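A closer look at the structure
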Amino acid sequence: MSEEKENIWEKSGIIPPNDKDRKIRDKIISYEDFLAKEFPPNRWVAEMLIPQGITILSSAPGMYKTFLLLALSKDIVNGEPAFGQFKTEKSNILFINEECNEKLFQDRLKQIKGEGSGTFFTNLIGIKLDKKSITEILSFSKENNIKLVIFDSLTRIHNFDENSTEMKKVFEHLLELIRNDISVILTHHHRKASMFGVKNISDEMRGSSDLLAQIDCHLAIDSVAIDKTHLIIKQPKLRQAENLQDFKVNIIKSEDKTSLSFKYGGIFTIEDRQMLKVESSKEVILSIIKDNPGITQTDMAEKLKGQVGVMTTKETIRKLEKEGMIYSKTGKPKHYHLKEEISLSF
C-alpha cells in the first residue's frame, strides 16, 4: 500500500483492508470514469426482436412455437430477415429438441421449406442442464461456429420445481454460453387461463417471478386467429431497447398444406384487438343463445360477466345478427334466437 494511502487510512481512523479483502473496493469506479467508458453497440440475433443473451418464447400449447423457431432458424442460418422484417446476424444454430418425437419433428421441419444448412439438432436424448452437459454443448458450439442454441423446451431440461429459486441454477449454466458469445432461446408454456379479459402475458408464464428476472427478452404468442391465418406476438420484456409494439405474423400455407411459412403482418392495433375479442366471443355467445332462446342482451352480459366485456358482447351480437347467425324478435328489449340451421348444427 502506498504511503499516501496509508496516511489517508491513518487520518480517517479506519483500519485499511488487506489486499485479499479489496475485491469490492478495487471495482468501484467514479461517475466521470464510468461515463467515459466505451462499449460496443448492442448485438442482436434478430434486430429489435431477439437480443444477444437469453430469450424465452412462451405461449399456451399448440400455438406454433416450434414451427416459428424452425422458420426463424432457417432465416438466421441464411442471414435473411426474420419473418421478412427483422435483420438477423448470420450464424449456425444448435436446436435441442426435447418436445417432439423425431418423426413429428422431421415432418414440421419439412413443412418449413428452404435451405437450412448450418442448423444442427439433437432429438429427445434427455438433456438435463448441468456442468457436464453445458460443457459438451459449449465445446460442440465452438467447434461448429454456433452462435445460437435453442432449447425446446425449458421444462424438459431440468428437474427443479419451476416455482422455486432453484431455477437460478439452470440459468447459471446457460450463462456459461452467454459468456462465450452464444445466445439462447428457450420455449416455455403458459399457465391455464381464461381467454377473456385483461391479462398480463408475463404473469401467465409458468414459474416464479425469478424466471422473468433472469432473461433479457420475453416474446409471447398472445393468440392465434380463429381461422389460423395469423398469430399475435407480444414482447413484454426487452432489456436492450424499448419494447416492440404487439405485431401480427401471417401464417402462410400452401394449397396442399405441405409447406408453411411466417411473414410479418404489421402492428397489431387497438382496433385489431377488439375485432379479435369479437371473433373469440362468437362461440360462447351462440352457445348461450342456444341454451336460452329469447335471451336479452342485458341478461347475456350478466351471464358473461368477468369473461366478456359489455361492449364486446354488444359488438359480437351485432356482428352475429349481420352475418345471419342470430335474429331478434321485435320489441324492446330485443330477444335473441339462433337461426334454425345454426340451431341444428349445435
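Given the structure is predicted, the values throughout are model-derived calculations rather than measurements.

Spanning 13 residues, helix α3 (residues 65-77) covers 18 Å between terminal C-alpha atoms, matching the ideal 18 Å at 1.5 Å per step. Burial of α3 is extensive: twelve of the 13 residues sit out of reach of the surface. Residues of α3 that are buried: K65, T66, F67, L68, L69, L70, A71, L72, S73, D75, I76 and V77. After α3 finishes, the residue G79 shows a positive phi value of roughly 70°.

As a further point, take the confidence of the model for the protein chain. Taken as a whole, the protein chain shows an average pLDDT of 88; of its residues, 86% reach a score of 70 or greater. Segment residues 194-198: pLDDT under 50, and seven contacts once partners within four positions in sequence are set aside and those in other chains are kept.

On to the pairing of strand β9 (residues 230-238), then. With seven of nine residues buried, β9 lies mostly within the body of the structure. In the sheet, strand β8 (residues 217-224) pairs with β9 via six bridges, with the strands oriented antiparallel. Opposite A220, over in β9, you have K234 as the bridge partner. Linking β8 back to β9 in an antiparallel pair, the connection comprises five residues, with K228 at a positive phi of about 55°.

In total, this model carries 18 salt bridges according to the counting rule given. Two residues, R156 and E99, come together in a salt bridge whose shortest N-O distance is 3.0 Å. One end of the pair, R156, is in the loop between β6 (146-152) and α6 (167-178); the other, E99, is in the loop between β4 (92-97) and α4 (102-111), with 57 residues separating them in the sequence. Using a relative accessible area of 40% as the deciding quantity, one classes R156 as partly exposed.

Once that is clear, we can look at the packing of helix α9 (residues 270-291) against helix α11 (residues 310-322). Contact geometry of α9 with α11 gives a least axis separation of 9 Å together with a crossing angle of 75°. Between α9 and α11, the angle falls in the class roughly perpendicular. Of the residues in α11, those in contact with Q274, K277, V278, E279, S281, K282, I285 and L286 of α9 are T312, T313, E315, T316, I317, K319 and L320.

Counted under the stated rule, the structure contains nine aromatic pairs. With 5.3 Å between their ring centres and 55° between their planes, F95 and F105 make a pair best called tilted. Here F95, found in strand β4, pairs with F105, found in helix α4; they are ten residues apart in sequence, far enough to count as distant. Each member of the pair, F95 together with F105, is buried. Seen from their ring centres, F105 and F121 are 5.5 Å apart, and the 80° between their planes marks the pair as edge-to-face. Highlighted residues: F105 in helix α4 and F121 in strand β5 (residues 119-123), separated in sequence by 16 residues. Taken together, the ring pairs connect Y64, F67 and F262 into an aromatic cluster.

Conventions adopted
Residues numbered from 1 in each chain as written. Predicted model: local features only at pLDDT ≥ 70, side-chain atom pairs only at ≥ 80, totals over all residues. Heavy atoms only, no water. Helix = DSSP H or I, 4+ residues; strand = E, 2+ residues; numbered from the N terminus. Expected span 1.5 Å × (residues − 1). Buried < 20%, exposed > 50% of the residue type's maximum accessible area, 1.4 Å probe, protein only. pLDDT = per-residue confidence, 0-100. Contact = heavy atoms within 4.5 Å. Pairing = 2+ DSSP bridges. Salt bridge = Lys/Arg side-chain N within 4 Å of Asp/Glu carboxyl O. Axes fitted to C-alpha atoms, helices over the stretch in contact; angles between N-to-C directions. Parallel < 35°, antiparallel > 145°, perpendicular 65-115°, else oblique. Phe/Tyr/Trp six-rings, centres within 6.5 Å; stacked < 30°, edge-to-face > 60°.

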